[in-house]
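Listed below are the residues making up each chain.
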Amino acid sequence: MSTVIQDIIIPEKSSECSEWISYFKKLEEKFGSENAKTIWLKTWQVNGSVASCTTRPDFNTFFKKHDIDVTNLATAAVASAADLGGSLMGLGKGITKVLTYGVPAILSVIIGVVLYSIVRVAKNTSPSDLAQLTPEGRAASLLK
């Protein structure tokens, strides 16, 4: 069963070559030439029926006119580059969330632990303990 998005039927592995051409024309009509090319290449990478269509001269000629060479491995590279761009954008969004929420949360926890430790040590420390931290205080304790 074919998938339909915005009145565009997305071809499947078993689709006819003419359906792939129609699919590209619809994409171009709705999204413009460059976007259509990227979307079509990604769809071809996932669902393409390479063996049957790439041997047909009319199919190859149509896509060559639109600067898409389905007989070349560069097609897969362009589709992969579109994937990479999406992945990088996703990564950027993820890093932004970490910087926005994660870093302040971690810093708050660290500051809280440090302050808690200082208060706890201060409660259990007497002035004579603090005197031991200085050379004069250690000398005075030896004189006792």
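Note: the structure precedes this text.
Residues numbered from 1 in each chain as written. Predicted model: local features only at pLDDT ≥ 70, side-chain atom pairs only at ≥ 80, totals over all residues. Heavy atoms only, no water.

Draft legend 1. Spotlight on the overall build of the chain. For the chain, the count of helices and strands is seven helices and two strands. Secondary structure of the chain in N-to-C order comes out as β-β-α-α-α-α-α-α-α. Pairs at least 24 apart in sequence give 49% of the contacts found in the chain among residues at least 6 apart. A total accessible area of about 10300 Å² is found for the chain, and carbon and sulfur atoms account for 65% of it. (Helix = DSSP H or I, 4+ residues; strand = E, 2+ residues; numbered from the N terminus. Contact = heavy atoms within 4.5 Å. Areas by Shrake-Rupley, 256 points an atom, 1.4 Å probe, with all protein chains shown as cover.)

Draft legend 2. Molecular detail of the nonpolar core. In this structure, Trp40, Phe59 and Phe63 are the most contacted members of the largest nonpolar core, which totals 18 residues. It is helix H1 (residues 17-31) that provides the largest number of residues to this core, a total of six residues. Those residues in contact with Phe59 that sit more than four places away from it in its chain are Cys17, Trp20, Ile21, Trp40, Trp44, Cys53, Thr54 and Val70. (Core = buried A, V, L, I, M, F, W, Y, C linked by side-chain atoms within 4.5 Å. Buried < 20%, exposed > 50% of the residue type's maximum accessible area, 1.4 Å probe, protein only.)

Draft legend 3. Region of interest: a nonpolar patch on the surface. Residues Val103, Ile106, Leu107, Ile110, Ile111, Val114, Leu115 and Ile118 make up a contiguous nonpolar surface patch of about 730 Å² in total accessible area. Within the secondary structure, Val114 sits in helix H5 (residues 74-123). (Patch = residues over 30% accessible without salt bridge, like charges linked within 9 Å, V, L, I, M, F, W, Y side chains within 5 Å. Salt bridge = Lys/Arg side-chain N within 4 Å of Asp/Glu carboxyl O.)

Draft legend 4. Region of the structure containing the state of the cysteines. Taken as a whole and judged by the stated rule, the model has one disulfide. For Cys17, the disulfide goes to Cys53, at an S-S distance of 2.1 Å. Since a negative S-S torsion denotes a left-handed disulfide, the Cys17-Cys53 link at about -105° is left-handed. Of the two residues, Cys17 is situated in helix H1 and Cys53 in helix H3 (residues 50-53); the sequence distance between them amounts to 36 residues. Overall, the relative accessible area of 6% leaves Cys17 in the buried class. Note on Cys53: relative accessible area 0%, which makes it buried. (Disulfide = S-S within 2.5 Å.)

Draft legend 5. Quick look at the side chain of Asn47. Here Asn47 is to be found in helix H2 (residues 33-47). For Asn47, the contacting residues outside a window of four places in its chain are Ile10, Pro11, Glu12, Lys13 and Trp20.

Draft legend 6. Representation of the packing of aromatic side chains. All chains considered together, the criterion is met by 11 aromatic pairs. With centroids separated by 5.1 Å and ring planes inclined at 10°, the aromatic side chains of Trp40 and Trp44 adopt a geometry described as stacked. Here Trp40 and its partner Trp44 are both found in helix H2, four residues apart, which amounts to about one turn of the helix. For the residue pair Trp40 and Trp44, the accessibility class agrees, reading buried in each case. (Phe/Tyr/Trp six-rings, centres within 6.5 Å; stacked < 30°, edge-to-face > 60°.)

Draft legend 7. Local environment of H1. Between its first and last C-alpha, H1 extends 21 Å over 15 residues, near the 21 Å set by a 1.5 Å rise per residue. For H1, every residue scored as buried is listed here: Cys17, Trp20, Ile21, Tyr23, Phe24 and Leu27. Down the axis of H1, the smallest arc covering the buried residues is 155°, so these residues share one side. Looking one or two residues beyond H1, the residue adopting positive phi is Gly32, at roughly 90°. (Expected span 1.5 Å × (residues − 1). Arc of directions from axis to C-beta.)

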